[in-house]
Amino acid sequence: MASSSSLLSEDELRCSICWDVFTDPVSTPCGHNFCMVCLREYWNSSSHCQCPLCKRKFPQRPELSINTFISGLAAQFQKSVQMKPVQSQVFCDFCDEKRAALKSCLICMASYCKTHLDSHQRVASLKKHKLMDPVENLEDYICQKHERPLELFCRDHRTHSTVPIEEESGEKKTQLEKTQAEVQQMIQERLKKIQEIKHSVELNKKIREKEEADSVEIFRALVRCIERSQAELLEVMEEKQKAAERQAEELIKELEQEITELKRRDTELEQISHTEDHLHLLQIYPSLCRPPHTKNWTDVSVNTPLSVESLRRALSQLQEHLTQEMEKIPEIKLKRIQQYAVDVTLDPDTAHPFLILSDDGKQVKHGDKQQKLPDNPERFNTYICVLGKEGFSSGRFYYEVQVREKTMWTLGVTRESSNRKGAVTPKPVEGYWTVCLMNETGYLAAESFPVLLSLKQAPQKVGVFVDYEEGLVSFYDVEVRSHIYSFTGQSFTEKLYPLLNPCFIDGGKNSAPLIITPVQHYK
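Residues numbered from 1 in each chain as written. Predicted model: local features only at pLDDT ≥ 70, side-chain atom pairs only at ≥ 80, totals over all residues. Heavy atoms only, no water.

A. Expanded view of the side chain of Thr-414. One can find Thr-414 in strand β14 (residues 409-415). Within the local environment of Thr-414, its side chain forms a polar contact with the side chain of Ser-418, the two groups lying 2.8 Å apart. Looking at Thr-414, its side chain comes within polar contact range of the main-chain oxygen of Gly-431, at 2.8 Å. Ignoring any residue separated from it by four or fewer positions in sequence, one finds Thr-414 in contact with Leu-387, Gly-431, Tyr-432, Lys-495, Leu-496, Tyr-497 and Leu-499. (Helix = DSSP H or I, 4+ residues; strand = E, 2+ residues; numbered from the N terminus. Polar contact = N/O pair within 3.5 Å; in protein donor to acceptor, adjacent residues only side chain to side chain. Contact = heavy atoms within 4.5 Å.)

B. Inspection of the packing of aromatic side chains at higher detail. For the structure shown, the criterion picks out 11 aromatic pairs. Between Phe-94 and Tyr-112, the ring centres sit 5.1 Å apart and the planes meet at 10 degrees, which makes this aromatic pair stacked. Here Tyr-112 lies in strand β4 (residues 110-112) and Phe-94 lies in the loop between α2 (68-83) and β3 (103-105), a separation of 18 residues in the sequence. Note on Phe-94: relative accessible area 45%, which makes it partly exposed. Ring geometry for Tyr-485 and Phe-487: centres 5.2 Å apart, planes at 80 degrees, overall edge-to-face. (Phe/Tyr/Trp six-rings, centres within 6.5 Å; stacked < 30°, edge-to-face > 60°. Buried < 20%, exposed > 50% of the residue type's maximum accessible area, 1.4 Å probe, protein only.)

C. Up close: the pairing of strand β18 (residues 461-467). Within β18, 7 of the 7 residues are buried, which leaves the element mostly enclosed by the surrounding structure. Judged by which residues are buried, β18 turns out to be covered on both faces: Lys-461, Gly-463, Phe-465 and Asp-467 on one side and Val-462, Val-464 and Val-466 on the other are all buried. Taken together, the 7 bridges between strand β13 (residues 396-402) and β18 define a ladder with antiparallel strand orientation. Looking at β18, one finds that Arg-396 is bridged to Asp-467. The pairing of β18 with strand β19 (residues 472-477) spans 6 bridges and is antiparallel. Looking at the pairing, Val-464 lines up with Phe-475 of β19. (Pairing = 2+ DSSP bridges.)

D. Focus on the confidence of the model for the protein. Confidence in the prediction of the protein, expressed as mean pLDDT, is 83, and 84% of residues score 70 or more. Mean pLDDT in the protein bottoms out at helix α7 (residues 308-326), which sits at 60, and peaks at strand β21 (residues 496-501), which reaches 98. Low confidence marks residues 1-8, where pLDDT is under 50. Its contacts with residues over four positions away, or in another chain, come to 12 contacts. (pLDDT = per-residue confidence, 0-100.)

This is the structure in structure tokens:
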């Protein structure tokens, strides 16, 4: 008969979140058990209420009550572990001096050193005795009722299904070896993840330093632009001032000449008005009565050194310079996100039967003829698309696709659980984040309500960038290095896979393939 402690499995009494024996165990509606504190912290740190083990989502947070049965088993297990004595060295029962025992005999109820064990290895009758690794408490291995060694292990006390202890022990050892292998694999995976995190931190540091340098260069360019515009404006103002001074000098000179002429006429009039020569007065009177030849100075003024129109022109030039500098920002951002480029290979098990993939898994086109392929769960049977082999559940990733000579296409990402069968509506609420071209010139982002995109020119190569933690999916025109569209504020909770849809062949007009191309890092 097996002792009660052997019925308890340590793995079954451990929380899958903290990996410790349960403390205040609670059960989810799907039947999985966790520590109450661990489960609450898990739910508090997530935007969704779901089981940490099977990922089943709950419409509202379940009320938690301690599972008294599991709690009792956990307490019993903890007690048995605490009460288990530390194994001490076992000595031979037949040596005058204390010598370590090599084996214990369950028939003789004694322990033997190497020398005294010799008879058990030579004598035929003793060879049949049941030997085991040396233990002090041999009585625990003997049935008190039948006074015989424990030979059977009861797997089910209701039906008394028994097997030899050696068989059960062998199976348990096999399971332990399997568990050990799994634990070792988990250790390796976590060590690998540590390296990935360290690499990501180092890469982020380098990218941040590069981004800071680019940002500083942009602001320096803006300062230079402002200083240049300011210098040009001051130069214009100085030229205007000099021109105004020259104009004023000419006007003053002309006015002084007219004043001199008017004073001369005034003197003549003064003199003739006192003359007694009446004949001379009558002779020169017509010329004196004519007004002197002078300029009309009513609307004459000196031009202002800087007009409003000049200021407007200077401001327009400054704005043009600023616009040119700001247009460089998407180019700088694209160079930064290209550091997260991944090698995408298409997964033939997901491809719609109409699609034809290249041998290297880098190209896909519509074949205009349905192939006979197994209808496995991963395969799309209505939506004409194919996914990448590798999914991403954290961090950032980026890939580029050539769309040259295409009249229709769709690119983006989809989550692992998105619908693969029947009608598919590619929008974020259904797990699709895509941008597409329709009818040669119609570009749109597949939001809940499609967003029409106005592009200056047709992209020949499209870059797709995902920041998992940021909830961001962005699209770029690679060749002109401009931004196309971004899905922002998304919440990702499962793996995301690259998605390519070459669309229908359209009578041969759309027969060109979509091609996943290596990312060329622009300097």
